[in-house]
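# Notes for the structure review
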Amino acid sequence: MTEAHCETGRLLVVDDNKVNRLLLGRGLEQQGHQVVFAENGRQAFELLASQRFDLVLLDIQMPEMDGYQVLEQIVHTQSCATYR
Amino acid sequence: MIDQKTFDELRQMVGEGFIHELLETFFESSPQLIAEMQAALAAGDAESFQRAAHSMKSNCASFGALELAAQARELEILGRDLELDKAVQKLDNLATIYPLVEIELKELAG
């Protein structure tokens, strides 16, 4: 990991693979970010509806809804909603 | 069966305490992923097969189980190409080798 001198933020990591979630979360937390996890698109939508995030890291290969479908729905929901 | 350099780098990156948590998760999820692949193979479900093989590949590579990762990658490609008939023997092979990888990782982690 390179030295972090960027701003830190609240990040949402969406990945069905727990090893990936742990690994990615660890790396990001070590860089000072606050990390929240979702295992699938449904969990991600619930979190996005109730909390504010600076960035969403989205896995592509997931069961039920893949990353592209999740992204599409996020964009659709955001464009229909008023930003907080 | 484990690339020592990859494993050492991972351990150094995540820290001594966390590597054990990470390994526990790997030991928990690998048999599940193998079972998922076996079930998908039996059901002729190439998409689920590919997805489980993909996760297996990525997890193995993270810990330096490079040979197993390469085998999982071959399985992933067979799933993608809808050639599950060619995957039977290869999956058996992977399922046989996995416990040896687990033993070696436990020894390495100490």
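Preceding block: the structure.
We now turn to the structure provided with this report. (Residues numbered from 1 in each chain as written. Chains lettered and ligands numbered in written order. Predicted model: local features only at pLDDT ≥ 70, side-chain atom pairs only at ≥ 80, totals over all residues.)

### Topic: the packing of helix α3 (residues 46–63) of chain B against helix α4 (residues 66–80) of chain B
Residues and elements named next belong to chain B. It is the contact of α3 with α4, at a shortest axis distance of 8 Å, that shows an interaxial angle of 160°. Looking at the two axes, α3 sits roughly antiparallel to α4. In this structure, α3 meets α4 at a crossing whose hand is left-handed. Across the interface between the two elements, A46, F49, Q50, A53, H54, M56, K57, C60 and A61 of α3 pack against L66, L68, A69, A72, R73, L75, E76, G79 and R80 of α4. Of the residues contributing to the contact of α3 with α4, the split by class is 11 nonpolar, 3 polar and 4 charged. (Axes fitted to C-alpha atoms, helices over the stretch in contact; angles between N-to-C directions. Helix = DSSP H or I, 4+ residues; strand = E, 2+ residues; numbered from the N terminus. Parallel < 35°, antiparallel > 145°, perpendicular 65-115°, else oblique. Left-handed = near helix turned anticlockwise from the far one by under 90°. Contact = placed C-beta atoms within 7 Å. Nonpolar A, V, L, I, M, F, W, Y, C, P; charged D, E, K, R; others polar.)

### Focus on the interface of chain A and chain B
With 10 residues of chain A at the contact, the number on the chain B side is 14 residues. Considering only residue class, the side of chain A that touches chain B consists of 5 nonpolar, 3 polar and 2 charged.

Honestly, it's all geometry; don't read function into it.
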